[in-house]
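What the coordinates show
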Amino acid sequence: MPTNAFYAQSGGVTSVINASACGVIETARRHADRIGTVYAGRNGILGALAEELIDTSLESAEAIAALRSTPAGAFGSCRYKLKSLEKNRREYERLIEVFKAHGIGYFFYNGGGDSADTCFKVSQLSASLGYPLQAIHVPKTIDNDLPLTDCCPGFGSVAKYVAVSTLEASLDVRSMAATSTKVFVLEVMGRHAGWIAAAGGLAADHGIPVVILFPEIPFDQPAFLARVDALVKHHGYCTVVVSEGCHHPGGTFLAEQGTKDAFGHAQLGGAAPVVAQMVKEALDYKFHWAVADYLQRSARHIASATDARQAYELGQRAVELALEGKNSVMPTIDRTSDSPYAYRIGSAPLDQVANTEKFMPRDFISADGYGITDKCRSYLLPLIQGEDYPAYRDGLPVYVTLQNHVVAKKLPAFEIAK
């Protein structure tokens, strides 16, 4: 008798996370003799705890296929990190109750580093609580900071968006610099790793004077201002791409608000106006600033074809790994060549992925700390290749909204810890 599966999305969503969902669901449907219903958690792992399970078998093949070109999280996501079994046993016992009630033996969790930790903890339930369960982590994060994989689904499309936006906005500034704005500051995501900010450096290949502020390089205000001043005097203008995680030598973020998010991380936002004000006060150059924020991670209309393809392939491979009897692993992208770009799909053990961040190598950052090297370009360029446009109607992209029918509950209500 086929075993049912649970799939959920976690953390900040991306323009291609639904492509991974499509990969999981379509592959499971091709193995109906072994995998029964794929239940999706409504709002991530919370859907499992609350027994809010979406029956994806009620969606047509056409609707599931349309996920491949639809941004955001089709089933809802969440920022919720399970505590250890010792600290909150009741949540794990609840998961087992829900999985038993609905015949679930496969667990696919689609997210970043904190989600890998959750998936790893769930993968241990078979041994800890005696319930047969295979947990596979499906990687996703625009931050590109998961270890043991060359890149993460979601990153290539954000990199493409940031590179294009940096180039286009810089051309705008260049055309107005003689009498108006001379410095444009673009803030991008990236708490501890500067992968996204690095993508802005690709605009330099088109003659744009770009200064990048990486989290990996402590902020040196006098040196930064001197660099901006020199570029403006030489080119008439410059663009600054600042990572939200840019910080002072002591570790304090330029953009720190003094609040925490649901995972306990410092709440960031506002590096761009801080940097722009420094430029204004020290150099008196007219400026504009922007924060890419959700725009960078939701822009499916300009997604990288490489990224969309890899997102689907990793969802597909996650199911294959489960069918091969694997547990506590994550499918990976293993690059075999930069030019021509080539890769294979591998896998990595979750205990080596969870709670580990991959930072920009120092040899990807220029000696002065404000640009990218040729080695970084060789890494980035294949990931932004190709356009995978969605269908358009009346001038707007056509995206799918699923029915998301939640199955009837079989268990008493469960109070989720705040």
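This report concerns the structure included in the present document. (Residues numbered from 1 in each chain as written. Predicted model: local features only at pLDDT ≥ 70, side-chain atom pairs only at ≥ 80, totals over all residues. Heavy atoms only, no water.)

Description of the packing of helix α1 (residues 17–30) against helix α12 (residues 305–323)
The geometry of α1 relative to α12 is characterised by a closest axis approach of 7 Å and an angle of 40° between their N-to-C directions. It follows from the interaxial angle that α1 and α12 lie oblique. Seen from above, α1 lies across α12 with right-handed handedness. Along the contact surface, α1 presents Ala-19, Ser-20, Cys-22, Gly-23, Val-24, Glu-26, Thr-27, Ala-28 and Arg-30, while α12 presents Ala-308, Ala-311, Tyr-312, Gly-315, Gln-316, Val-319 and Glu-320. Of the residues in the contact of α1 with α12, the class split is eight nonpolar, five polar and three charged. (Axes fitted to C-alpha atoms, helices over the stretch in contact; angles between N-to-C directions. Helix = DSSP H or I, 4+ residues; strand = E, 2+ residues; numbered from the N terminus. Parallel < 35°, antiparallel > 145°, perpendicular 65-115°, else oblique. Left-handed = near helix turned anticlockwise from the far one by under 90°. Contact = heavy atoms within 4.5 Å. Nonpolar A, V, L, I, M, F, W, Y, C, P; charged D, E, K, R; others polar.)

Notes on α1
Compared with the 20 Å implied by 1.5 Å per residue over 14 residues, the 20 Å span of α1 between its first and last C-alpha is a close match. Within α1, 12 of the 14 residues are buried, leaving the element largely enclosed by the surrounding structure. The set of residues buried in α1 consists of Ile-17, Asn-18, Ala-19, Ser-20, Ala-21, Cys-22, Gly-23, Val-24, Ile-25, Glu-26, Thr-27 and Ala-28. Among the structural elements, β1 (3–9), β2 (35–41), α3 (61–66), β4 (104–111), β5 (134–139) and α12 are those in contact with the buried residues of α1. (Expected span 1.5 Å × (residues − 1). Buried < 20%, exposed > 50% of the residue type's maximum accessible area, 1.4 Å probe, protein only.)

Quick notes on the pattern of salt bridges
Under the definition given, this model contains 17 salt bridges. Here Glu-324 and Arg-317 are joined by a salt bridge, their closest N and O atoms 2.8 Å apart. The exposure class of Glu-324 is partly exposed, given its relative accessible area of 42%. For Arg-335, the salt bridge identified is with Asp-338, shortest N-O distance 2.7 Å. Given the relative accessible area of 39%, Asp-338 is considered partly exposed. Counted as one network, the salt bridges with shared partners bring together Arg-317, Glu-320, Glu-324 and Lys-326. (Salt bridge = Lys/Arg side-chain N within 4 Å of Asp/Glu carboxyl O.)

Observations concerning helix α5 (residues 113–123)
Buried residues dominate α5, accounting for nine of its 11 residues. Looking at the buried positions of α5, the neighbouring elements they touch are α4 (89–101), β4, α6 (125–129) and β5.

As for the packing of aromatic side chains
Tallied over the entire structure, the rule returns 11 aromatic pairs. For the ring pair Phe-6 and Phe-99, a centre distance of 5.9 Å and an interplane angle of 50° mean the geometry is tilted. Of this pair, Phe-6 sits in strand β1 while Phe-99 sits in helix α4, and the two are 93 residues apart along the sequence. One exposure class covers both Phe-6 and Phe-99, and it is buried. Between Phe-219 and Phe-224, the aromatic rings sit 5.5 Å apart at their centres with planes inclined by 55°, giving tilted as the arrangement. Residue class for Phe-219 comes out buried when judged on its relative accessible area of 5%. Phe-224 sits in the buried class, given a relative accessible area of 0%. In this structure an aromatic cluster arises from ring pairing among Phe-6, Phe-99, Phe-107 and Tyr-109. (Phe/Tyr/Trp six-rings, centres within 6.5 Å; stacked < 30°, edge-to-face > 60°.)

Brief notes about unusual backbone geometry
Omega for the peptide link from Ser-339 to Pro-340 comes to 0°, which places this bond in the cis form. Mapped onto the elements, Pro-340 comes out in the loop between β12 (329–337) and β13 (342–349). A positive phi angle is found at Asn-43, which is not glycine, with a value near 65°. Locating Asn-43 in the fold gives a position in the loop between β2 and α2 (45–49). A positive phi angle is found at Asp-394, which is not glycine, with a value near 55°. Tracing the backbone through its elements, the reader meets Asp-394 in the loop between β14 (392–393) and β15 (396–397).

A few points about the packing of helix α9 (residues 221–235) against helix α10 (residues 271–283)
Relative to each other, α9 and α10 sit at 75°, their axes nearing to 11 Å. Taken as axis vectors, α9 and α10 run roughly perpendicular relative to one another. Note on element contacts: α10 touches α9 through Val-275, Met-278, Val-279, Ala-282 and Leu-283, opposite Gln-221, Phe-224, Leu-225, Val-228 and Asp-229.

Focus on the side chain of Arg-377
By the element assignment, Arg-377 lies in helix α13 (residues 374–380). Dropping the residues within four chain positions of it, Arg-377 is found in contact with Gly-201, Leu-202, Ala-204, Asp-205, Ile-372 and Pro-382.

Quick notes on the nonpolar core
Within the largest apolar cluster, 43 residues are counted, with the highest numbers of intra-cluster contacts made by Phe-155, Ile-196, Met-360, Ile-372, Tyr-379 and Leu-380. Among the elements of the structure, α7 (155–176), β6 (183–188), α8 (195–200), β7 (210–213) and α13 are those that each provide at least two residues to this core. When residues in this core are grouped by element, the largest group, eight residues, is from α7. With residues up to four places along the chain from it excluded, the contact list for Phe-155 reads Thr-141, Ile-142, Asn-144, Trp-195, Ile-196, Asp-307, Tyr-379, Leu-380 and Leu-383. If you look at the next biggest cluster of nonpolar residues, it comprises 35 residues, including Phe-6, Cys-78, Cys-119 and Leu-133. (Core = buried A, V, L, I, M, F, W, Y, C linked by side-chain atoms within 4.5 Å.)

A few points about the side chain of Ser-123
Tracing the chain through its elements places Ser-123 in helix α5. Judged by its relative accessible area of 3%, Ser-123 is buried. A polar atom in the side chain of Ser-123 sits 3.1 Å from the side chain of Ser-328. With near-sequence residues (within four places) excluded, Ser-123 lies in contact with Ala-135, Asn-327 and Ser-328. (Polar contact = N/O pair within 3.5 Å; in protein donor to acceptor, adjacent residues only side chain to side chain.)

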